[in-house]
Amino acid sequence: MNIKSSAIREIIVVGGGTAGWLAASHLAKKLGSKNSNAIQVTLIESPDIPTIGVGEGTVPAIRNSLRYLGVSETDFIRACDVTFKQSIKFVDWEKAPSHTNNKNYYHHLFDYPCIQPFDVSPYWLLHDCDGLSYADAVAIQGRICDLGLAPKKMTQCEYEGSTQYAYHLDAVKFAALLTQHAVNNLGVKHQLANVQKARVDDAGNITSLMTDKGEFSADFFVDCSGFSALLIGDTLSIPFIQKHSELFADYALAAQVPYAQEGTPIPSYTISTAKEAGWIWDIGLTSRRGTGYVYSSHYTNHERAEQVLREYLGDAQGNISCRKISMRVGYREKFWVNNCAAIGLSQGFVEPLEATGLLVYDATARMLADLFPASEAEFAWAAKQFNEHTRNAWDKVIDFVKLHYFISQREDTDFWRDNRKTETASDRLLANLEAWRYQLPNDYDFSSRMEIFNLENYLYVLYGMNYPTDLSSRQSRYADTKRAQELMRIVERKAQSCIQDLLPHRELIDRIKRFGLQRI
Amino acid sequence: MTAIIPLQKELHGYIKINDRNMDHVQDQHIIPILLHEFIRVSSEYPIVFVKNSDTGQFQSVCMLGVKSSENKFVHNQLWVGGYVPLSVRHAPFYLMPDPRNPEQLLIGINEASPRINLENGVSIFTEVGEESEYFTARKNALIDHYEKEQVSQELTQFLAAMNLLIRQEINLSYNSENFNINGVYLIDEERLNSLSDDEFLTVRRKGLLPAIYAQMISIQHLERVANFRAF
């Protein structure tokens, strides 16, 4: 075999949603596609098929990606209706709402909690802290969120903040921004065409795509065609492993809602409110809110679901238009087969409880670029790594999302009761939770490369929901109560000092739009 | 501390101004300066850029001390340095938006200013209630400063946009005390030296070269300012 002829020269990415442009951008950046000697990346998207149009929450890793790709945070904020996200506020997850409990919420914060070098967590568990929430014991960010403050100051440069933050964004505008940046600055080629069929050779490699604008050939293909999964699904017939036995929600009813008045304060966190057969997301962008009810059609029907959403929105008249999206939860048996890799909804999907869509697509796009082979001979090894890590990532995501349901104490409907049946959780999650009945989670529990959710994430959710870890068998290890109390006081003082310098959320966004953020 | 209201001869006809009094800046260790002043300032004081805390935009300043709230060049109410930065000179007068028509600017006076008194100094208004020559000169200087400020601001943003500024942390010691100055930005000499021919020409055409070199040279004064004593 002529080694030179099997060298990869051209990549085609199919699909122009956020996953497609993230994949194209990461590849072009890593491979240096601006240079004509380097591997070239072309993105083909349909001018007719709309993108999914939701997917508006992110996690802090997106900042690293945007900075790495060379996108200006100022441009991003101005173009994509961006607001800052510091947390997900979970409302009514632990217990069903009633007139007695008014503070039935907890924050899953982005800030790393105060657990190193001294871990405050066991002391919070063992002692009464005057009703101090776990999040407020270990971090300042919860207070900042509750006060409606922004996570950064005008004097901090792009991508820097006083707290860890991510964004809420308009998915369509984000794809448009990435398009511009990828084409103008990263050397990605853009082709509008409808893909009709893929040609596959005897070895199972895709050789070219037949479109309404002609035939396009390449050495490697990335399937970012969404739920349609034109390549990985339709062409290569990789089965989809569905996970509805663990995560029940199979529909989302999405609505875009205008603000009642100009200047309405915007929360700098996503709100997730648990409901009878699922939960409602509520994301504040600059010009509108994005909301939706994620529910299981086995535990409710579409009419009732619409009622629940409209009740939440205060829209008894039914003026707000809703869009029903069917959600297939699960992932492909393989994500990289021969010369084709899937990124995005074609790869897998889980209900957006922890903003995992963009998270996993960004992380796997980065991984694809990092692992990208130079020749066909290297495919098998790269694919093996990619498949293992991606599968692990999805399994861990499913476990973490399931956790929220599994440790809830809601008894009000079958949906909630059935969610606690052991056959609906993975063995891994069950084993972890069993161990955590008498000890805290620790770093050893999160040892793989693509854990996605680590110790700190589990701590926030477990103890935000008052998981009954009983440390009495270990109590003698936690004798330094004075130090723990001092640390909690330090957290409180740091919070107060930080709060002095921060503006209300909307005010900061307005100033950034006006003055921009400095690069240094 | 400040009580700035529109200047009116009905209220302020009897006031005299002693503009040698420097109390209003005795606690300011950094003072805003215009790019136009860099050459003059650079022969005595270190010039750095800082970020405006409300807007994050860069502002050129001279340093008159290395400790917060310590201006070494005001002693016994007098300026003991050589050059007096322009922004210091205008007190107690300020340009302010006209309360009746915020698009317009008018001259305001800080009634709490230590420069105001009834006996010593120069009058604002003559006996017949007209602007004194002194005040006319002050007014014109204020307006000139305002106009130059717009230009200076624009050019400063241009320096930032050209990536010619770099964040610097400065460590000094004197009197066996150590000082850490952070949050200041200086001209990035490496970047300056690696500008393309086109970029360099643009910088030159905007008249920025003297200011750039003045800032670079002025930083030598930091140690002298740290050690400076007025008495």
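Definitions and cut-offs
Residues numbered from 1 in each chain as written. Chains lettered and ligands numbered in written order. Predicted model: local features only at pLDDT ≥ 70, side-chain atom pairs only at ≥ 80, totals over all residues. Helix = DSSP H or I, 4+ residues; strand = E, 2+ residues; numbered from the N terminus. Rg over C-alpha atoms; globule rule 2.2 N^0.38 Å. Buried ≥ 20, exposed ≤ 12 C-beta atoms within 10 Å, placed from the backbone. Contact = placed C-beta atoms within 7 Å. Pairing = 2+ DSSP bridges. Nonpolar A, V, L, I, M, F, W, Y, C, P; charged D, E, K, R; others polar. Axes fitted to C-alpha atoms, helices over the stretch in contact; angles between N-to-C directions. Parallel < 35°, antiparallel > 145°, perpendicular 65-115°, else oblique. Left-handed = near helix turned anticlockwise from the far one by under 90°. Core = buried A, V, L, I, M, F, W, Y, C linked by C-beta atoms within 7 Å. pLDDT = per-residue confidence, 0-100. Arc of directions from axis to C-beta.

Trainee: Even after reading the chapter, I still don't get the overall build of chain A, so can you show me in this structure?
Mentor: For chain A, the count of helices and strands is 16 helices and 21 strands. Relative to a compact globule of 520 residues, whose C-alpha radius of gyration would be 24 Å, chain A shows 24 Å and is just as compact. With the principal axes as the frame, chain A shows a C-alpha extent of 70 × 55 × 55 Å. The burial tally for chain A puts 47% of its 520 residues in the buried class.

Trainee: Looking at this structure, I do not really get the overall build of chain B. What am I missing?
Mentor: Within chain B, the regular secondary structure consists of eight helices and 13 strands. Principal-axis analysis of the C-alpha atoms places the extent of chain B at approximately 60 × 45 × 30 Å. Looking at chain B as a whole, 24% of its 231 residues are labelled buried. Considering only residue pairs separated by 6 or more positions, chain B has 71% of its internal contacts joining residues 24 or more positions apart.

Trainee: Where do I start with the pairing of strand S12 (residues 165-174) of chain B in this structure?
Mentor: The side chains of a regular strand alternate, residue by residue, between the two faces of the sheet. Residues and elements named next belong to chain B. Pairing geometry for S12 and strand S13 (residues 177-187), over nine bridges, is antiparallel. Counterpart to serine 173 in the pairing with S13 is asparagine 178. With antiparallel pairing between neighbouring strands as the criterion, S12 and S13 make up a hairpin whose turn holds two residues, including asparagine 175 at a positive phi of roughly 50 degrees.

Trainee: Looking at this model, I keep getting lost on the interface of chain A and chain B. Mind explaining?
Mentor: One widely used convention gives an interface's size as the accessible area the parts lose upon coming together. At the interface, seven residues of chain A touch eleven residues of chain B. Residue classes in the side of chain A that touches chain B are distributed as four nonpolar, two polar and one charged.

Trainee: I would appreciate a short explanation of the environment of leucine 7 of chain B in the present structure.
Mentor: Residue and element names in this part refer to chain B. As for its placement among the helices and strands, leucine 7 is situated in the loop between strand S1 (4-6) and helix H1 (9-12). A C-alpha to C-alpha distance of 16 Å links leucine 7 and proline 102, two positions 95 residues apart in sequence. Ignoring anything within four residues of it in the chain, the contact list for leucine 7 reads His12, Ile107, Gly108 and Ile109.

Trainee: Looking at this structure, I do not really get the sheet that holds strand S18 (residues 330-332) of chain A. What am I missing?
Mentor: Strands in a sheet are paired, the pairing made by backbone hydrogen bonds, and the direction either parallel or antiparallel. The three strands are arranged S12-S18-S21 (chain A) in an open sheet whose pairing can be described as antiparallel. Unpaired on one side and paired on the other, strand S12 (240-242) and strand S21 (348-349) of chain A mark the two borders of the sheet.

Trainee: Sorry, what's going on with the environment of alanine 141 of chain B here?
Mentor: By secondary structure assignment, the location of alanine 141 of chain B is in helix H4 (residues 133-161). C-alpha separation for the pair alanine 141 of chain B and asparagine 52 of chain B, spaced 89 residues apart in sequence, amounts to 24 Å.

Trainee: What is the right way to read the sheet that holds strand S10 (residues 116-117) of chain B from this model?
Mentor: All names here are of chain B. Read from one edge of the open sheet, three strands run S10-S2-S11, paired in antiparallel fashion. Taken across any chain shown, the strands that pair with only one partner, and hence form the sheet edges, are S10 and strand S11 (122-123). With two bridges joining them, strand S2 (residues 16-17) and S11 adopt antiparallel strand pairing. Directly across from isoleucine 17, in S11, lies its bridge partner valine 122.

Trainee: Would you explain the packing of helix H10 (residues 356-371) of chain A against helix H11 (residues 379-406) of chain A in this entry?
Mentor: Each pair of packed helices can be described by the angle between their axes along with the distance between the axes. All names here are of chain A. For the pair H10 and H11, interaxial distance at closest approach is 11 Å and the crossing angle is 165 degrees. Overall, the two elements H10 and H11 adopt an arrangement that is roughly antiparallel. The interaxial crossing formed by H10 with H11 has right-handed handedness. Two secondary-structure elements touch here, H10 through Thr356, Val360, Ala363, Thr364, Met367, Leu368 and Leu371 and H11 through Ala382, Gln385, Phe386, His389, Thr390, Ala393 and Val397. In terms of residue class, the contact of H10 with H11 is made up of nine nonpolar, five polar and no charged.

Trainee: Where do I start with unusual backbone geometry in this structure?
Mentor: A negative phi angle is the norm for most residues apart from glycine, just as the trans form is the norm for most peptide bonds. Across the junction of glutamine 116 of chain A and proline 117 of chain A, the peptide omega takes the value -10 degrees, indicating a cis bond. For proline 117 of chain A, the location among the structural elements is in the loop between strand S5 (105-109) and helix H4 (121-126). Between alanine 91 of chain B and the following residue, proline 92 of chain B, the backbone shows a cis peptide bond with an omega angle of 5 degrees. Of note in this structure, alanine 355 of chain A is not a glycine but carries a positive phi near 50 degrees. Here alanine 355 of chain A shows up in the loop between S21 and H10. A tally of 22 C-beta atoms within 10 Å means that alanine 355 of chain A is categorised as buried. The residue isoleucine 452 of chain A is not glycine, and still its phi comes out positive at about 65 degrees. Turning to its location among the elements, isoleucine 452 of chain A is positioned in the loop between helix H13 (427-435) and helix H14 (455-464). For isoleucine 452 of chain A, a count of 22 C-beta atoms within 10 Å translates into the label buried.

Trainee: Whenever I open this one, the nonpolar core confuses me. Can you help?
Mentor: Note that soluble globular proteins tend to have their nonpolar side chains buried in a common cluster. Among the nonpolar cores identified, the biggest contains 151 residues, and Val13, Val14, Ala23, Ala24 and Ile343 of chain A are the most heavily contacted of them. Per-element accounting of this core gives the leading share, twelve residues, to H11 of chain A. Sequence-distant contacts of valine 14 of chain A, defined by excluding residues within four places in its chain, comprise Ile44, Val195, Phe221, Val222, Asp223, Cys224, Ser225, Leu230 and Leu231 of chain A. By size, the runner-up hydrophobic cluster in this structure holds 29 residues, among which are Val48, Val61, Val66 and Leu86 of chain B.

Trainee: Where do I start with the packing of helix H2 (residues 61-69) of chain A against H10 of chain A in this structure?
Mentor: Residue and element names in this part refer to chain A. Between H2 and H10, whose axes approach to 10 Å, the crossing angle comes to 45 degrees. Taken together, the axes of H2 and H10 are oblique relative to one another. Note that H2 runs across H10; the crossing there is left-handed. On H10, the residues touching Ala61, Ile62 and Ser65 of H2 are Leu358, Leu359, Asp362, Ala363 and Arg366. Taken together, the residues of the contact of H2 with H10 break down into five nonpolar, one polar and two charged.

Trainee: Is there a simple way to explain the confidence of the model for chain B in this structure?
Mentor: Interpretation of this model should avoid reading the predicted coordinates in detail wherever pLDDT is low. On average, residues of chain B score 93 in pLDDT, and 100% of them are at 70 or above. What the predictor reports for the complex is a pTM of 0.93 with an ipTM of 0.87.

Trainee: Honestly, the environment of arginine 63 of chain A in this entry has me stumped. Any pointers?
Mentor: Residues and elements named next belong to chain A. One can find arginine 63 in helix H2. With 21 C-beta atoms packed within 10 Å, arginine 63 lands in the buried category. Distance from arginine 63 to glutamate 158, taken between C-alpha atoms, is 9.4 Å for residues 95 residues apart in sequence. Beyond its immediate chain neighbours, meaning those up to four positions away, arginine 63 contacts Tyr159 and Ala166.

Trainee: Got a minute to help me understand helix H16 (residues 505-515) of chain A in this structure?
Mentor: Given 3.6 residues to a turn, an α-helix orients residues that are three or four positions apart in the same direction. Residue and element names in this part refer to chain A. Buried residues of H16: His505, Leu508, Ile509 and Ile512, and no others. Angular distribution of buried residues about the axis of H16 spans 100 degrees; they occupy a single face of the element. Looking at the buried positions of H16, the neighbouring elements they touch are helix H3 (73-79) and strand S3 (83-85). One or two positions beyond H16, positive phi appears at glycine 516, with a value near 75 degrees.

Trainee: Could you clarify how one ought to interpret the pairing of strand S16 (residues 288-295) of chain A in this entry?
Mentor: Residues and elements named next belong to chain A. With seven of eight residues buried, S16 is to be regarded as a mostly interior element. Relative to S16, strand S13 (residues 251-258) is paired through eight bridges, and the arrangement is antiparallel. Across the sheet, residue alanine 254 finds its bridge partner in S16, namely glycine 292. Here strand S15 (residues 278-284) pairs with S16 via seven bridges, running antiparallel.

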